[in-house]
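A structural walkthrough
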Amino acid sequence: MALLKVKFNQKKRVKLAQGLWLMNWFSVFAGILVFSMGLFLKIELRKRSEVMDNSESHFVPNSLILMGILSCAFNGFAGKICYDSLDPAKFAKWKPLLKPYLALCFFFNILIFFVALICFLMRGSLESTLAQGLKNGMKFYRDTDTPGRCFMKKTIDMLQIEFKCCGNNGFKDWFEIQWISNRYLDFSSKEVKDRIKSNVDGRYLVDGVPFSCCNPSSPRPCIQYQVTNNSAHYSYDYQTEELNLWRRGCREALLHYYSSMMSSMGAVVLLVWLFEMAVMVGLRLLHTSLESIANPEDPECESEGWILENSLKDTLKSALESLKKIGKFNQVEADGEGAEGEEGGKTPAITTVS
């Protein structure tokens, strides 16, 4: 029994073809939207590529861009088929291509669904990329003369100001690295010498943070240096007082920014996938209803359209049988080639008569 069998007359077929033509052009615009989202996300990721550890995060925007291009191509082609289906003479040239095209549409829709899921599931990979990238970027904050890292100080400062964050996981991350360049240190000063000697690696570490960590909304002047020294500031307790530094780490801020953006894009792609599925089902009904016309010379006669010629169970069963036949055929061919090789390797026996 056919799956989702529907009866059509001439009027219904025309309405279906016209509706599908319109839906395909809506899908083209949806493809442009998906392409634009991928391009926007790629630009946003490139802006902060210096604080990202690898290029895996670009998998999502690249996939969105590819899906957008393919959506425009597939739906533009389907729109042409639906338009030509109104004229039997024009539709005849598309008949041999429809089955392969629908098979491609099926795999294309699987890819769209996969991309939508990836948009929701990339949070873990993005978090590790940002954590390592920010950690490496902070190490080069002071090295404004290092090739390839000249603008790292500006990048980190602008990042902390824009996203209202400080450090990787928090402001205390700056206590563990030397973020002040040696050129701005007075090595004749006893305080500088003592700090460098007290550190095994010979680094100048302070309980201070860059200016970009300061919260301008705080009523108190920014406490940028000696953050953990209560006696250095009047009426101050860093453990209990609300510091005028950004509390949130930049990894968390960036992760929230990008993951919320990807989740929104994933929801849009999921809606596009549902729309594409509806278009594919409609195109299949149109294809089968036109092929099942009993009398091609009488286009006004009734016909039947369906999604699958047999039930889902029978279709899967026949597909598995076809795969088994292909496997057996390949095995027979391999056995035949092996037997030929063995026969070729045998040396004929020679009998001598004395």
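Residues numbered from 1 in each chain as written. Predicted model: local features only at pLDDT ≥ 70, side-chain atom pairs only at ≥ 80, totals over all residues. Heavy atoms only, no water.

**Looking at the nonpolar core**
- The biggest cluster of nonpolar side chains holds 79 residues, and the ones touching the most others in it are Leu 41, Val 60, Leu 64, Trp 174, Val 209 and Leu 254.
- Looking at this core, the elements with two or more residues in it are helix H1 (10-47), helix H2 (59-84), helix H4 (95-121), helix H5 (123-139), helix H6 (152-163), helix H7 (190-198) and helix H8 (250-291).
- Here this core takes 16 residues from H8, the largest share from any one element.
- The two domains that each donate at least three residues to this core are domain 1 (3-137 + 252-307) and domain 2 (171-247). (Core = buried A, V, L, I, M, F, W, Y, C linked by side-chain atoms within 4.5 Å. Buried < 20%, exposed > 50% of the residue type's maximum accessible area, 1.4 Å probe, protein only. Helix = DSSP H or I, 4+ residues; strand = E, 2+ residues; numbered from the N terminus. Domains from an automatic or database assignment.)

**A word on the UniProt feature "transmembrane region" (unreviewed entry) in the protein**
- Sites flagged by UniProt as "transmembrane region" (unreviewed entry) map to residues 20-41, 101-122 and 255-275.
- In the segment residues 20-41, helix accounts for 100% and strand for 0%; the C-alpha atoms at its two ends are 31 Å apart.
- Annotated as 100% helix and 0% strand, the span residues 255-275 places its first and last C-alpha atoms 30 Å apart. (UniProt positions renumbered as here; feature names shortened; annotations may be inferred.)

**What about the environment of Leu 130?**
- By the secondary structure assignment, Leu 130 is in helix H5.
- Judged by its relative accessible area of 0%, Leu 130 is buried.

**What to know about the side chain of Gln 178**
- Tracing the backbone through its elements, the reader meets Gln 178 in the loop between H6 and H7.
- Of the residues examined, Gln 178 reaches a relative accessible area of 6% and is grouped as buried.
- From its side chain, Gln 178 meets the backbone nitrogen of Tyr 204 in a polar contact 3.0 Å long.
- Leave out the neighbours within four places in its chain, and Gln 178 touches Arg 142, Leu 185, Arg 203, Tyr 204 and Leu 205. (Polar contact = N/O pair within 3.5 Å; in protein donor to acceptor, adjacent residues only side chain to side chain. Contact = heavy atoms within 4.5 Å.)

**A few points about the packing of aromatic side chains**
- The tally for this structure, following the rule as stated, stands at twelve aromatic pairs.
- Ring geometry for Trp 174 versus Trp 179: centroids 6.3 Å apart, planes at 75 degrees, classification edge-to-face. No difference in accessibility class separates Trp 174 from Trp 179, as the two residues are buried.
- One aromatic cluster is present, built from ring pairs that chain together Phe 74, Phe 77, Tyr 101 and Phe 108. (Phe/Tyr/Trp six-rings, centres within 6.5 Å; stacked < 30°, edge-to-face > 60°.)

**So, the state of the cysteines**
- Applying the stated criterion to the full structure yields three disulfides.
- A sulfur-sulfur distance of 2.1 Å marks the disulfide that ties Cys 166 to Cys 213. Looking down the S-S bond of the Cys 166 and Cys 213 bridge, the torsion is 85 degrees, so its handedness is right-handed. Taken together, the positions of Cys 166 in the loop between H6 and H7 and Cys 213 in the loop between H7 and H8 put the pair 47 residues apart, joining distant regions of the chain.
- Classification of Cys 166 as buried rests on a relative accessible area of 0%.
- Taking the relative accessible area as the measure of exposure, Cys 213 reaches 0% and is therefore buried.
- Put simply, Cys 214 and Cys 222 are joined by a disulfide, and their sulfur atoms are 1.7 Å apart. Its torsion about the S-S bond being -50 degrees, the disulfide of Cys 214 and Cys 222 is classed as left-handed.
- Taking the relative accessible area as the measure of exposure, Cys 214 reaches 16% and is therefore buried.
- Since its relative accessible area comes to 36%, Cys 222 is described here as partly exposed.
- Disulfide connectivity for the protein, with bonded cysteines indexed by sequence position, reads 1-6, 2-3, 4-5. (Disulfide = S-S within 2.5 Å.)

**What to know about the packing of H2 against H4**
- Contact geometry of H2 with H4 gives a least axis separation of 10 Å together with a crossing angle of 150 degrees. Of the possible angle classes, the one that applies to H2 and H4 is roughly antiparallel. Two packed elements cross with a definite hand, and for H2 against H4 that hand is left-handed. The residues of H4 that touch H2, namely those facing Phe 59, Val 60, Ser 63, Leu 64, Met 67, Leu 70, Ser 71, Phe 74, Asn 75, Phe 77, Ala 78 and Ile 81, are Leu 98, Tyr 101, Leu 104, Cys 105, Phe 108, Leu 111, Ile 112, Phe 114, Val 115, Ile 118 and Cys 119.
- When its residues are assigned to classes, the contact of H2 with H4 shows 20 nonpolar, three polar and no charged. (Axes fitted to C-alpha atoms, helices over the stretch in contact; angles between N-to-C directions. Parallel < 35°, antiparallel > 145°, perpendicular 65-115°, else oblique. Left-handed = near helix turned anticlockwise from the far one by under 90°. Nonpolar A, V, L, I, M, F, W, Y, C, P; charged D, E, K, R; others polar.)

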